[in-house]
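# Coordinate inspection notes
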Amino acid sequence: MLIDLRSDTVTKPTAAMRKAMADAEVGDDVYKEDPTVNRLEELAADMLGKEAALFVTSGTQGNQIAVLTHTAPGQEILLEAESHIFYYEAGAVAALAGVQTRTIPGIRGAMEPKLVEAAIRGEDIHFPATALLCLENTHNRAGGAVLPLSYMAVLYDLAKRRHVAVHMDGARLFNAAVALGVDVRAIAEHVDTVQICLSKGLGAPVGSILAGPKVWIAKARKWRKRLGGGMRQAGVIAAPGILALTEMVERLAEDHAHAKQLAYALAEMKGITIRPEHIETNIVIFDVAKTGRSADECVVALKNEGILATSFGPTCIRLVTHKDIGQQDIETAIHRMNNIFSQ
Ligand SMILES: Cc1ncc(COP(=O)(O)O)c(CN[C@H](C(=O)O)[C@H](C)O)c1O
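What you are looking at is a predicted structure, and each value in this text was computed from that prediction instead of being measured. (Residues numbered from 1 in each chain as written. Predicted model: local features only at pLDDT ≥ 70, side-chain atom pairs only at ≥ 80, totals over all residues. Heavy atoms only, no water.)

### Observations regarding the packing of aromatic side chains
Our working rule: Side-chain rings of Phe, Tyr and Trp, where Trp is taken by its six-membered ring, are said to pair if the distance between their centres is within 6.5 Å; with planes under 30 degrees apart they count as stacked, over 60 as edge-to-face, and otherwise as tilted. In DSSP terms, a helix is any run of H or I states spanning at least four residues, a strand is any run of E spanning at least two, and both are numbered starting from the N terminus. Note on classification: 1.4 Å probe, protein chains only; a residue is buried when its accessible area is under 20% of the maximum for its type, exposed when over 50%, partly exposed between these limits. Look at NZ for Lys and CZ for Arg. If either is within 6 Å of the ring centre and within 35 degrees of the ring normal, a charge sits over the ring.
Scanning all chains against the criterion turns up three aromatic pairs. Measuring from ring centre to ring centre gives 6.1 Å for Phe286 and Phe341, while their planes differ by 80 degrees; the resulting arrangement is edge-to-face. Of this pair, Phe286 sits in strand 9 (residues 283–287) while Phe341 sits in helix 14 (residues 327–341), and the two are 55 residues apart along the sequence. The same class applies to Phe286 and to Phe341, which are both buried. Three or more aromatic residues joined by ring pairs form one cluster here, namely Tyr87, Tyr88 and Phe312. The cationic tip of Arg141 hangs over the ring face of Phe312; the distance from NZ or CZ to the ring centre is 4.4 Å. Note that Arg226 overlies the ring of Trp223, its terminal NZ or CZ placed 4.5 Å from the centroid.

Below is the structure:
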């Protein structure tokens, strides 16, 4: 039996989601006539405390529509050095939006505010204008690290002072909210626009939400159309998204507990370097350098033991817990990893 810890993108829809898909009321969403999509967008906007929301096909599409809507070609955007928008979106900000990136290395996903402020361009004939500051909460390559509310507030205040828009890649924003014990609105109030994934830990089969001011979302809807993202009877895939938001948030705490259990077990294994106390949500990144094997070699060894994992650099491996991984799977995974890392 394979235990799939590659990502929370592998989650499959629940039986209730599949029933909702079959029963969904639909219409042509390009004309804004799909009642289920409309309900999802209204629900998401309300939960995030934004005026409006747009159903998009993926987190990447949501992030890229945000960059396209916030910027003009030739401008500059600020991002953390290993943010998903910079690291994993195939250069779309250059290819589609024609903007240049200026990255700032963060600590556990958090860029030093002084470095952010210093990176914002002033008026100068030689300079591109700084159009957008992008944040990521939780931060994937920082091990699912949560950006604290106080930190978010400081960055938002300085961006507003310098007339720079702020977009949050909130692919795992609900994980952050559950870890902080707050409502997602308390986080989203510190950004202008936010993307959240319905298809990761929340378990929907497809899609993300982009939320922001009403006028901005209208422009974003136009960009979605330009990118071919105008969907027709999309209520079929919006219906599970509604259940993702209404029924799948609280249980994320289980994924976080499972991640901690994995991390503390790994900390006892030979040749594994990990700080289990740093695990805040559903992502576990550990270093295998001291095993004398590369991350890729260990991923193969894990697969041979029935565990699917992801290389996250030459000697780092990522495990992601999610709704389709239960307590028994965690215990089995720990037993199997002991077979590999205790020799
Ligand atoms: C922070 C963040 N923002 C955006 C996205 C993109 O979402 P999708 O385009 O895959 O729906 C992801 C997906 N992350 C995926 C994963 O973690 O397995 C891969 C790396 O793309 C993400 O982690």
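### Examining the site of the ligand
Formally: Here a residue counts as near a molecule or strand whenever at least one of its heavy atoms sits within 4 Å of it. In protein, a polar contact means a hydrogen-donor-capable atom and an acceptor-capable atom, both N or O and within 3.5 Å, with residues adjacent in sequence counting only if both atoms are side-chain atoms; elsewhere, any N or O pair within 3.5 Å suffices. All accessible areas in this document rest on Shrake-Rupley with a 1.4 Å probe, and a residue is counted as covered only by the protein chains that are shown. Residues are sorted three ways: Asp, Glu, Lys and Arg are charged, Ala, Val, Leu, Ile, Met, Phe, Trp, Tyr, Cys and Pro are nonpolar, and all the rest, Gly among them, are polar.
The immediate surroundings of the ligand are formed by 14 residues, with Ser7, Thr60, Asp169, Arg172 and Arg318 found nearest. At 2.8 Å, a side-chain N or O of Arg318 approaches an oxygen atom of the ligand. The protein chains hide 82% of the 500 Å² of surface that the ligand would expose on its own. It is helix 3 (residues 59–70) that provides the largest number of residues to the shell around the ligand, a total of three residues. For the shell around the ligand, the class distribution of residues is two nonpolar, seven polar and five charged.

### Here's the deal with the pairing of strand 12 (residues 316–320)
The criterion, for reference: A pair of strands counts as paired when DSSP detects no fewer than two bridges linking them.
In terms of residue burial, strand 12 counts as a mostly covered element, since four of its five residues are buried. Strand direction decides the pairing type here: strand 9 and strand 12, joined by five bridges, are antiparallel. From the neighbouring strand, Val284 faces strand 12, where its bridge partner is Leu319. Summarising the sheet, strand 11 (residues 310–311) and strand 12 pair through two bridges and their orientation is antiparallel. Looking across to strand 12, one finds that Ser311 is bridged to Ile317.

### What to know about the UniProt feature "domain: Aromatic amino acid beta-eliminating lyase/threonine aldolase" (unreviewed entry) in the chain
Which entries qualify depends on this criterion: UniProt positions are given in the numbering used here, feature names are shortened, and annotations may be inferred rather than shown by experiment.
The residues that UniProt annotates with the feature "domain: Aromatic amino acid beta-eliminating lyase/threonine aldolase" (unreviewed entry) are residues 4–287. Within residues 4–287, the helical portion is 41% and the strand portion 15%, while the C-alpha atoms at the span's ends are 19 Å from each other.

### Describing empty space enclosed by the protein
Here is the rule we go by: Think of a 1 Å grid over just the protein atoms. A cavity is a set of points where a 1.4 Å probe fits yet cannot get out, a pocket is an open set with protein on both sides within 12 Å along at least five of seven lines, and lining residues have an atom within 4 Å of a point. Grid points are joined across faces, edges and corners, and a volume is the space filled by probe spheres set on the points.
For the structure on display, the rule yields two cavities of 30 Å³ or more. Estimated volume of the largest cavity: approximately 40 Å³. If you go around the largest cavity, the residues you meet are Ala171, Arg172, Leu173, Phe174, Asn175, Cys197, Lys200, Gly201, Leu202 and Leu252. The dominant element in the lining of the largest cavity, judged by the number of residues it contributes, is helix 8 (residues 173–180), at three residues. Across the lining of the largest cavity, the residue classes tally to six nonpolar, two polar and two charged. Approximately 40 Å³ is the volume found for the second largest cavity. Here the element with the most residues in the lining of the second largest cavity is strand 5 (residues 130–136); it accounts for three residues. Its residues placed into classes, the lining of the second largest cavity shows five nonpolar, three polar and two charged.

### Considering the environment of Arg161
Mapped onto the elements of the fold, Arg161 is located in helix 7 (residues 149–161). For Arg161, a relative accessible area of 51% translates into the label exposed. Between the alpha carbons of Arg161 and Glu117 there is a distance of 10.0 Å; along the sequence they are 44 residues apart.

### Observations concerning the pattern of salt bridges
Where we set the bar: Criterion for a salt bridge: a side-chain nitrogen of Lys or Arg within 4 Å of a carboxyl oxygen of Asp or Glu.
If you walk through the whole model with that rule in mind, you get 18 salt bridges. Notably, a salt bridge pairs Glu280 with Arg108, separated by 2.7 Å at the nearest N-O pair. In this pair, Glu280 sits in the loop between helix 12 (252–266) and strand 9 while Arg108 sits in the loop between strand 4 (100–104) and helix 6 (113–119), placing the two residues 172 residues apart along the sequence. Looking at Glu280, the relative accessible area reads 30%, which means it is partly exposed. Note that Lys160 is salt-bridged to Asp192, the shortest N-O span being 2.7 Å. Taken as a pair, Lys160 in helix 7 and Asp192 in the loop between helix 9 (184–188) and strand 7 (193–197) lie far apart in primary sequence, 32 residues in all.

### Some thoughts on the pairing of strand 7
Of all five residues in strand 7, five are buried; the element is thus mostly enclosed. Side chains of strand 7 alternate between two faces, with Thr193, Gln195 and Cys197 and Val194 and Ile196 buried alike. As judged from the four bridges shared by strand 6 (residues 165–170) and strand 7, these two strands associate in the parallel manner. By the bridge assignment, Asp169 is partnered in strand 7 with Gln195.

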